[in-house]
Amino acid sequence: MHISADWLNQQNTRTVMTLLTGAGYEAYFVGGCVRNALLNEPASDIDISTNAHPDAVVKIATAAGIKSIPTGIDHGTVTIVIGGDAYEITTFRKDIATDGRRAIVAYADNIIDDARRRDFTMNAIYADQSGKVTDPLNGLPDLLARHVRFIDGPDQRIAEDYLRILRFFRFTAWYGDINNGIDAEGLAACARGLDGLQNLSRERVGGEVSKLLSAPNPAPAVAAMAQSGVLAQTIKGAQHQFLAPLIHLEQQFDVAPNWIARLVCLTRDAQDLRLSRKDENQRINLIKLLDNNPPPHAAAYRYGATLAYSAALILAASLESVPPKKLRENIALANEVVFPIKSTDLSDQLQGKSLGNALRKLERRWIQSRFTMTKQELLNEL
Ligand code: ATP
Ligand code: MG
């Protein structure tokens, strides 16, 4: 069996693979890129697995005049950048010891050891340069059945790295088949292991939560997290009952998944997820909108269409009501309107603080008029 994908045929991809194989090493694509190609979905990044050690990878790249970055050199990963495309090259590894926060690794010389240290069977499928699939642990049937299954005993795998609990729910949300339910053995092991989540860095947890909540429909996986006790350990104070109604409304209004909206739907308190500045700003603005509940055109003008939709849909979901009438039209009103008054229009009469106050007042008035008042009408209000 062969995979086909755009990234597989790209010149930069060929160059990286030839760099390694040309020097006599084995090199395989692995993880998400192979998994997603088999599902006909795009890849988020390209992971390559090789028997070349990191110092050899750096040396070969440098000799070819190609940039390499030792992104994760202590666990065997070097990132190679060609023409703006990044490739994560990781040396075959096996897990030798663990502290539950990160597996402690040693290099392996074969693909079977490398496969067995991975998390789920669907994530341990390899493909060579030509796209030919190698499936040492028989992950393909699980992938096609959309069954997220731990490699070997789940209790042991979770104790090696507790982040695998969150990865289990993340991959279930993205690639699981809800109709078949969640893997029962994995779920039970996650429930048994959940105390270990405390020891993970908040950055790693935050990263997983954002990927989980970015899935088209994370509600069934989040419900399973709640039932197993994992949700409470992951997002403090999270209540999941309004998430499924929110997703339903998002689909109805054809709104793209916004993980911050889903997060706010679960809890108003996400202090310890260590969000990026951009995400945290979004989160705070969304909470402001929920508290103040301005009409949708005003929300869209102040904070953009995405947050205006999020606020309206979260409110409807949590109040078990319907979103405001003509939501789409009202949000669209704010599109590309420009407040017609500039400070120079008022600076003859007003200065400093009173100028600012007047501008803000007129802007409010103009928003209230649904952006219909003209410059002259507004000036007459003064
Ligand atoms: P994505 O589409 O999000 O990139 P991915 O499956 O490629 O999904 P990555 O986090 O990029 O996920 O990891 C690449 C591969 O490395 C995984 O498919 C898996 O085989 C392995 N892996 C990553 N993190 C872990 C972990 N904590 N424990 C075991 N294996 C892991
Ligand atoms: Mg990946």
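Small disclaimer: the values here were computed from a predicted structure and weren't measured.

Each value, and the rule that gives it
Residues numbered from 1 in each chain as written. Chains lettered and ligands numbered in written order. Predicted model: local features only at pLDDT ≥ 70, side-chain atom pairs only at ≥ 80, totals over all residues. Heavy atoms only, no water. Near = heavy atom within 4 Å. Polar contact = N/O pair within 3.5 Å; in protein donor to acceptor, adjacent residues only side chain to side chain. Areas by Shrake-Rupley, 256 points an atom, 1.4 Å probe, with all protein chains shown as cover. 1 Å grid on protein atoms, 1.4 Å probe; cavity = no way out; pocket = protein on both sides within 12 Å on 5 of 7 lines; lining within 4 Å. Sits in = over half its atoms within 2 Å of the grid points. Helix = DSSP H or I, 4+ residues; strand = E, 2+ residues; numbered from the N terminus. Donors = N, O, S within 2.8 Å, 3.2 Å for Na, K, Ca; no water. Buried < 20%, exposed > 50% of the residue type's maximum accessible area, 1.4 Å probe, protein only. Domains from an automatic or database assignment. Phe/Tyr/Trp six-rings, centres within 6.5 Å; stacked < 30°, edge-to-face > 60°.

Structural notes on the site of ligand 1
For step 1, the next point in the chain: As a structural note, the neighbourhood of ligand 1 is formed by 15 residues, with R35, S44, D161, R164 and R170 the closest of them.
For step 2, the next point in the chain: Measuring from an oxygen atom of ligand 1, one finds a side-chain N or O atom of R35 at 2.7 Å.
For step 3, the next point in the chain: Coverage of ligand 1 by the protein chains reaches 84% of its 590 Å² of free accessible surface.
For step 4, the next point in the chain: Because more than half of its atoms lie within 2 Å of the grid, ligand 1 is assigned to the largest pocket.
For step 5, the next point in the chain: Counting residues per element, the ones that place at least two in the shell around ligand 1 are α3 (32-38) and α8 (163-175).
For step 6, the next point in the chain: Considering every element that reaches the shell around ligand 1, the biggest residue donor is α8, with 4 residues.

Some thoughts on the coordination of the magnesium ion (ligand 2)
For step 1, the next point in the chain: Within the protein, the atoms that donate to the magnesium ion (ligand 2) are D45 (OD) and D47 (OD), at distances of 2.1 to 2.5 Å.
For step 2, the next point in the chain: Residue D45 is classed as partly exposed on the basis of its relative accessible area, which comes to 37%.

Structural notes on the domain arrangement of the chain
For step 1, the next point in the chain: On domain assignment, one finds that the chain holds domain 1 (1-144) and domain 2 (343-381).
For step 2, the next point in the chain: Taking the mean C-alpha position of each, domain 1 and domain 2 sit 60 Å from one another.

Observations concerning the packing of aromatic side chains
For step 1, the next point in the chain: Scanning the model with the defined rule gives 13 aromatic pairs in all.
For step 2, the next point in the chain: On the numbers, 6.2 Å between centres and 45° between planes, the contact of F120 with F168 is tilted. With F120 in the loop between α5 (111-116) and β8 (126-127) and F168 in helix α8, the pair connects residues that are 48 residues apart, well separated along the chain.
For step 3, the next point in the chain: Given the relative accessible area of 0%, F120 is considered buried.
For step 4, the next point in the chain: Arranged with centres 6.2 Å apart and planes meeting at 20°, the rings of F171 and Y175 form a pair that is stacked. Here the residue F171 and the residue Y175 both occupy positions in helix α8, the gap between them amounting to 4 residues, near one helical turn.
For step 5, the next point in the chain: When its relative accessible area of 3% is taken as the criterion, F171 is described as buried.

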